Amino acid sequence: MRVGRRISLLGAGLLAGLVAALLMTLLMVVGRDWLGISPPPEAVSDRLAPTLDIKTFFDLFGKYGGYNGLKKFGIRSGLEGVFGLGAVMGILYAAIAESRRSRAASRWRIGSSPYGLLFVGIGAAVLWIGTVIFLWPVLAANFRGLPPSRARLASAGGLLIYYVGYGLTLIATYRFVVRRVGRQAADESSETDESAEPSAAATVPVPAPVPVGQIIGRRAVAAGVAGALLALPSYRLLQRLYDRAAFSYDGRPYSGPGIQPIAPNDAFYSVTKNVVDPNVTKSFWRLEITGLVDQSKRFSFDDLASLPTTEQETTLMCISNRIGAGLFSNAVWKGVPLRDLLTAAGVKKGAVEVKLHAADGYTDTFAIEKAMEPATLVAYLMNGEPLSEKHGYPARVIVPGLFGEKNVKWVTSIEVIDHDGKGFYEQQGWGPNFTIPTRSDFFAPQTVLDNSGFHFRDPFKLNQATTLCGRTFAGDRGVTKVEISLDGGTSWLPTRIDYPGTHLTWSFWSYVWRPTEAGMYQVTSRATDGTGAVQKDDARDIVPQGASGYHRLAARVQG
Ligand SMILES: Nc1nc2c(c(=O)[nH]1)N[C@H]1C(S)=C(S)[C@@H](COP(=O)(O)O)O[C@H]1N2
Ligand SMILES: [Mo]
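Per chain, residues are indexed from 1 in the order of the written sequence. A letter from A marks each chain and a number from 1 marks each ligand, given out in the order of writing. A pLDDT threshold of at least 70 governs which residues receive local features in this predicted model, and a stricter bar of 80 or more applies before side-chain atom pairs are shown or counted, although totals over entire chains, interfaces and linings include all residues. Hydrogens and water molecules were not included; the side-chain quantities draw on all heavy atoms of the structure.

Colleague: How should I be thinking about the overall build of the protein chain in this particular structure?
Modeller: What the protein chain contains, in helices and strands, is 14 helices and 23 strands. Each radius of gyration is computed over the set of C-alpha atoms, and the globule rule expresses the reference value as 2.2 Å times the number of residues to the power 0.38. Against the 2.2 N^0.38 benchmark of 24 Å for 559 residues, the protein chain shows a C-alpha radius of gyration of 31 Å, more extended than a compact globule. With the principal axes as the frame, the protein chain shows a C-alpha extent of 105 × 60 × 35 Å. Remark: exposure states derive from per-residue accessible area (1.4 Å probe, protein chains only) relative to the maximum for the residue type, with buried under 20%, exposed over 50%, and partly exposed in between. The proportion of buried residues among the 559 residues of the protein chain is 52%. Should any heavy atoms of two residues lie within 4.5 Å, those residues are considered in contact. A sequence separation of at least 24 residues applies to 75% of the contacts in the protein chain between residues at least 6 apart. Elements are defined by DSSP. Helices are runs of H or I of four residues or more, strands are runs of E of two residues or more, and each kind is numbered from the N terminus.

What follows is the structure, given as structure tokens:
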């Protein structure tokens, strides 16, 4: 074959590969949007994220512009991977289909020689088996809320459909672009002479591509246009997913002088690992209780809603919440005590932890003793309203005393396990202790954090009263007392508790300060928790077990 012709045939393969990749993208986006199946670009990111150590994780934040930047990078690379692989497979397909042996093969079917079919078939099978094995831990994700047992089937089936869709489109597009002389005859022969003497088939003219000029002709343009038409709905659907993406609210704090003891639902802080959070369909959703139990149970939402409920105020705080920062909020949660569900299934001897699985493939674990505490809930109401999508609709776990990450949203399965399992973030190296240390910090008047540290934004006035407001939190131990120091921790003064909350919540406190001397002050506070332990000044970074230490602020008093 002349070089020019060979190149145009490989070009036709490239084109067919790209058109097939476009179709696959459309299938994947439809599968994600309608059926909640996590497509490979998203699933691969979710598969890799927990395997990064914390330092790499944060280095990547720095490199790609925070968690959101990293999430975007993950999806973009995934899509590039799909098109890159799609293109390479297309070129290889052309090379194999146009090899001398392939072209001499008599039994061309559905527009391909046995060699071409074998390549596509083996390629799809290898890719499918490979991705199912590699993505196994995240195949349990289903963003419409199928529980893990069903989600795995849906995900594996989805992947198979994507790959087969790619393969068939590749073959069909290539066949369409590269017309063949003698094609007709070959097809007929192989179809009518199914079991006949191979020699008869061999006499059929070898299907040969038509001359170059006609290959890269109108048909190639037509295939390109068809590809572009496939791109259009994919783009619209991607746009729709993008509009729902978590970029605007992931890592959103609740802080500043205006905060309330019970955060309004739409202001409650928010953290998610996802690019696009689950949009669970209540009728698909199930909560499974499995693992080390006498009898696995599966609850529909109505089943859950018919069980006796507990209503309780509980504060949630992210492990990444720095001292003085706002990745925490308080709400009234209503739901079913987890222990009721576990008892219904019958926890077996040897249970060590529960492992929670969620619609987004997220997992986390905590001790079975914690799971059996009456305050550990599967909650479905937040401040009297159904959970919003970003806070875990239709149900999430509330586990007082442990950091926010353990409060798994969109929960679909609770597995009783006989060992110390590791969840999404713990695998990165967070923990192993997820108990919330006691903290107390200031939120009013307005505070500022800059290179010189924390300070009150505005100067205080001599002999004028200003109310300093703060919040304090001690996990599930409660706070009995907060003291303030105006001299960097040498002497302490009592504050007033304005909002005590409960032992599961934060408390708000205040102190009316009337400075009688001008100058610089170092203001700080400390709390005493329900066990009598006084908050220590043991400054600790958020990695790996959450921040602790005093909130120290500079205050200037003007004469
Ligand atoms: N399924 C699932 N649950 C999750 C997360 C997640 O990404 N997926 N993030 C966790 C983290 S890190 C925190 S701090 C809390 C935040 O809950 P909120 O957004 O309702 O405030 O949810 C936790 N539960
Ligand atoms: Mo978190």
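Colleague: Would you mind showing me how to read the packing of helix H1 (residues 3-35) against helix H7 (residues 148-177) here?
Modeller: Geometry of a packed helix pair, given as the angle between the helix axes and the separation of the axes. Running from amino to carboxyl end, H1 crosses H7 at an angle of 145°, the nearest separation of the two axes being 8 Å. In the crossing of H1 with H7, the sense of the turn from one axis to the other is right-handed. Side-chain classes follow a simple rule in which Ala, Val, Leu, Ile, Met, Phe, Trp, Tyr, Cys and Pro form the nonpolar group, Asp, Glu, Lys and Arg form the charged group, and the remainder, Gly included, forms the polar group. Its residues assigned to classes, the contact of H1 with H7 comprises 18 nonpolar, 6 polar and no charged. Each axis is a line fitted through C-alpha atoms, and for a helix only the stretch in contact is used; angles between axes span 0 to 180 degrees, taken between their N-to-C directions. Note: crossing handedness is left-handed where the near helix turns anticlockwise from the far helix by less than a right angle, and right-handed where it turns clockwise.

Colleague: I'm lost on unusual backbone geometry in this one. Help?
Modeller: Cis rather than trans, the peptide bond between Tyr393 and Pro394 has omega equal to 5°. Checked against the element boundaries, Pro394 lands in the loop between strand S10 (385-386) and strand S11 (396-398). For the bond from Val543 to Pro544, the omega torsion is 0°, close enough to zero to count as cis. By the element assignment, Pro544 lies in the loop between strand S22 (519-529) and strand S23 (553-558).

Colleague: Mind showing me how you'd approach the sheet that holds strand S13 (residues 439-444) here?
Modeller: Where strands meet in a sheet, backbone hydrogen bonds hold them as pairs that are either parallel or antiparallel. On the basis of which strands lie adjacent, the open sheet formed by 4 strands has the order S13-S17-S21-S20 and antiparallel pairing. The open sheet has two edge strands, S13 and strand S20 (496-499), and neither has a second partner. Ignoring strand direction, the axes of neighbouring strands in this sheet form an average angle of 35°. A pair of strands counts as paired when DSSP detects no fewer than two bridges linking them. Note that S13 and strand S17 (residues 466-473) share 5 bridges and pair antiparallel. Bridging from a neighbouring strand, Arg439 pairs with Phe473 of S17.

Colleague: Would you explain the site of ligand 1 in this entry?
Modeller: Whether a residue is near a molecule or strand depends on its heavy atoms: it is near if one of them lies within 4 Å of it. Among the 19 residues in the neighbourhood of ligand 1, the closest are listed as Tyr269, Asp360, His391, Arg396 and Lys409. Whenever a nitrogen or oxygen atom comes within 3.5 Å of another N or O atom, the pair is scored as a polar contact, on the condition that within protein one atom can donate a hydrogen and the other can accept it, and that pairs from neighbouring residues in sequence are kept only if both atoms are in side chains. Arg396 places a polar side-chain atom, nitrogen or oxygen, 2.7 Å from an oxygen atom of ligand 1. Side-chain polar atom of Lys409 to an oxygen atom of ligand 1: 2.6 Å apart, as the coordinates give it. Accessible surface is estimated by sampling points in the Shrake-Rupley manner with a 1.4 Å probe; for residues, cover comes only from the protein chains shown. Its free accessible area being 530 Å², ligand 1 has 99% of it covered by the protein chains.

Colleague: Explain helix H3 (residues 54-64) to me, please; I cannot follow it from the model alone.
Modeller: Given 3.6 residues to a turn, an α-helix orients residues that are three or four positions apart in the same direction. Those residues of H3 lying buried are Ile54, Phe57 and Phe61. Projected down its long axis, H3 shows its buried positions confined to an angular sector of 65°, all on one face. Exposed side of H3, more than 90 degrees from the buried face: Lys55, Gly62 and Lys63 are the residues found there. After H3 finishes, the residue Gly65 shows a positive phi value of roughly 85°. Note: the arc covers the axis-to-C-beta directions of the helix.

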